[in-house]
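Observations on the model geometry
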Amino acid sequence: MLDCWRYQREHEALKLYGYVILENHLHFIAQAKSLNKCVHGFKSFTARQLIDYLQAHHADRLLTRLRFSKRAHKNDREYQFWQEGVHAELVFNESMIA
């Protein structure tokens, strides 16, 4: 995952100020010229890495769940790891993150 952030920092001028990984989602504070593009790249990279890992370790039950999560109209993939879309919120001051 850090390789993905490093690549985006070097090529997309991403500034990652902090993040937290929770049981079923993550939050991060970041800045970039195109934050949506950075989030898309992060989600694509990490999904591919994690699905490859699950396949290599024969985690069939998890893969079945990810296959079930894929929307019927998505023909470009077999699995859906991340929820679609970006749910960014602008941070205007410190009280918003306290």
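Described below are features of the structure shown in this document.

This part is about the pairing of strand 1 (residues 15-21). Summarising the sheet, strand 1 and strand 2 (residues 26-31) pair through 6 bridges and their orientation is antiparallel. When the sheet's bridge partners are listed, Leu16 is paired in strand 2 with Ala30. Joining the antiparallel neighbours strand 1 and strand 2 is a turn of 4 residues.

So, about the nonpolar core. Core analysis: the largest hydrophobic core is formed by 7 residues, namely Cys4, Trp5, Leu14, Leu26, Ala30, Cys38 and Phe42. Elements supplying a minimum of two residues to this core: helix 1 (2-12), strand 2 and helix 2 (35-56).

This paragraph deals with the layout of surface pockets. Of the voids in this model, the largest pocket is the one considered here, and its volume is about 1,400 Å³. Lining the largest pocket are 39 residues, and of these Leu26, His27, Phe28, Val39 and His87 lie nearest its centre. At the level of elements, strand 1, strand 2 and helix 2 are the ones that each hand at least two residues to the lining of the largest pocket. Among the elements that make up the lining of the largest pocket, the one with the highest residue count is helix 2 (8 residues). Of the residues belonging to the lining of the largest pocket, the class tally is 25 nonpolar, 10 polar and 4 charged. As a volume, the second largest pocket reaches approximately 460 Å³. Partitioning the lining of the second largest pocket into residue classes produces 6 nonpolar, 6 polar and 7 charged.

Here we come to the environment of Trp5. Along the chain, the position of Trp5 falls in helix 1. In this structure, the C-alpha to C-alpha distance between Trp5 and Gly41, residues 36 residues apart in sequence, is 9.3 Å. Excluding residues within four positions of it along the chain, Trp5 makes contact with Leu14, Leu16, Phe28 and Phe42.

Conventions and cut-offs
Residues numbered from 1 in each chain as written. Predicted model: local features only at pLDDT ≥ 70, side-chain atom pairs only at ≥ 80, totals over all residues. Heavy atoms only, no water. Pairing = 2+ DSSP bridges. Helix = DSSP H or I, 4+ residues; strand = E, 2+ residues; numbered from the N terminus. Core = buried A, V, L, I, M, F, W, Y, C linked by side-chain atoms within 4.5 Å. Buried < 20%, exposed > 50% of the residue type's maximum accessible area, 1.4 Å probe, protein only. 1 Å grid on protein atoms, 1.4 Å probe; cavity = no way out; pocket = protein on both sides within 12 Å on 5 of 7 lines; lining within 4 Å. Points joined across faces, edges and corners; volume = space filled by probe spheres on them. Nonpolar A, V, L, I, M, F, W, Y, C, P; charged D, E, K, R; others polar. Contact = heavy atoms within 4.5 Å.

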